[in-house]
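# Structural overview for review
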Amino acid sequence: MKLALLSDIHANIQALDACLAHAQAQGAQQTAFLGDLVGYGADPGAVVQRVMALAAQGAWVLKGNHDEMALHPPAVVQTVGDSTARWTGAQLDVVQREFLEGLPLLIQLDQVLLVHASADGPERWHYVYDQRGAALSLDAATERAQVRYVFGGHVHTQTLYYRGATGGLMKFEPTAGVPVPVPRHRHWLATVGSVGQPRDGSPKAMYAVFDSERAQLTFHRVDYDHQAAAAAIRRAGLPAYFAERLETGR
């Protein structure tokens, strides 16, 4: 089975649609959304509605920290993410809010564990930026029977970690479009990047495809109309900084 892994859409409908079309062209047979459907971007309602329709067809969907914030905005704004949570929540209708509220933090599919942030306390939204964070998440995940693969988002970058023969964790920087062998005799953790708000200097959207039959993981970068997405943010009256991020990939 080819599983498309999409995370951190952040209310960017243009990037979402481009990645879904790209995944279909790659032969993806199933889709998983790894959280943060909303936040930062101008089209939270449209994104949630699109994901709801795909969930009705069998797609798997997780809750991310920005989804939680949109439902329960912080009383005190401390971060740029906090600043738009109340606005985002107000754009969602009752059905969309109920959908987000009911999303799980973890999904296990045989040897695969899906999580937005870290499997080490998924409700605490720990970032997996390095080998230490990856080891904590992987250790927590592999306490579950059969788990060999952990796929998450949250950090907006594409990175692959694996446990080497000595037991230590190795970090691998993938090349877009190049399949990476991920044999089942090892343990693997991947952060699949951000569909709607990449932060590595390129505005191209990010997602990945896991081919379970071939034991391969392919990270993708996808062109989309990021100028239209940025213009929508400005029209909505959201901070210009969020639009500039889409234009620069920073």
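Residues numbered from 1 in each chain as written. Predicted model: local features only at pLDDT ≥ 70, side-chain atom pairs only at ≥ 80, totals over all residues. Heavy atoms only, no water.

Interaxial distance between helix 2 (residues 44-56) and helix 6 (residues 94-101) falls to 10 Å at its minimum, and their mutual angle equals 65°. Remark: the crossing between helix 2 and helix 6 carries left-handed chirality. For the pair formed by helix 2 and helix 6, the contact residues are G45, V48, Q49, V51, M52 and A55 on the first element and V95, Q96, F99 and L100 on the second. Tallied by class, residues from the contact of helix 2 with helix 6 come to 7 nonpolar, 3 polar and no charged. (Axes fitted to C-alpha atoms, helices over the stretch in contact; angles between N-to-C directions. Helix = DSSP H or I, 4+ residues; strand = E, 2+ residues; numbered from the N terminus. Left-handed = near helix turned anticlockwise from the far one by under 90°. Contact = heavy atoms within 4.5 Å. Nonpolar A, V, L, I, M, F, W, Y, C, P; charged D, E, K, R; others polar.)

Once that is clear, we can look at helix 1 (residues 13-25). What sets the pattern is the α-helix's 3.6 residues per turn: residues three or four places apart point alike. Given a rise of 1.5 Å per residue, 13 residues ought to cover 18 Å, and the 18 Å separating the end C-alpha atoms of helix 1 matches this to within 8%. Buried positions along helix 1 lie against strand 1 (2-6), strand 2 (30-33), helix 2, strand 11 (205-211) and strand 12 (216-222). Between the side-chain oxygen at the start of helix 1 and the backbone nitrogen of Q14 there is a gap of 3.4 Å, and the oxygen is on N12. Of the residues one or two after helix 1, G27 is the one with positive phi, at around 85°. (Expected span 1.5 Å × (residues − 1). Polar contact = N/O pair within 3.5 Å; in protein donor to acceptor, adjacent residues only side chain to side chain.)

Okay, unusual backbone geometry next. With a phi angle near 55°, H10 is a residue other than glycine that sits in the positive phi range. Positionally, H10 belongs in the loop between strand 1 and helix 1. Positioned with a positive phi, D110 is a non-glycine residue whose angle comes to about 60°.

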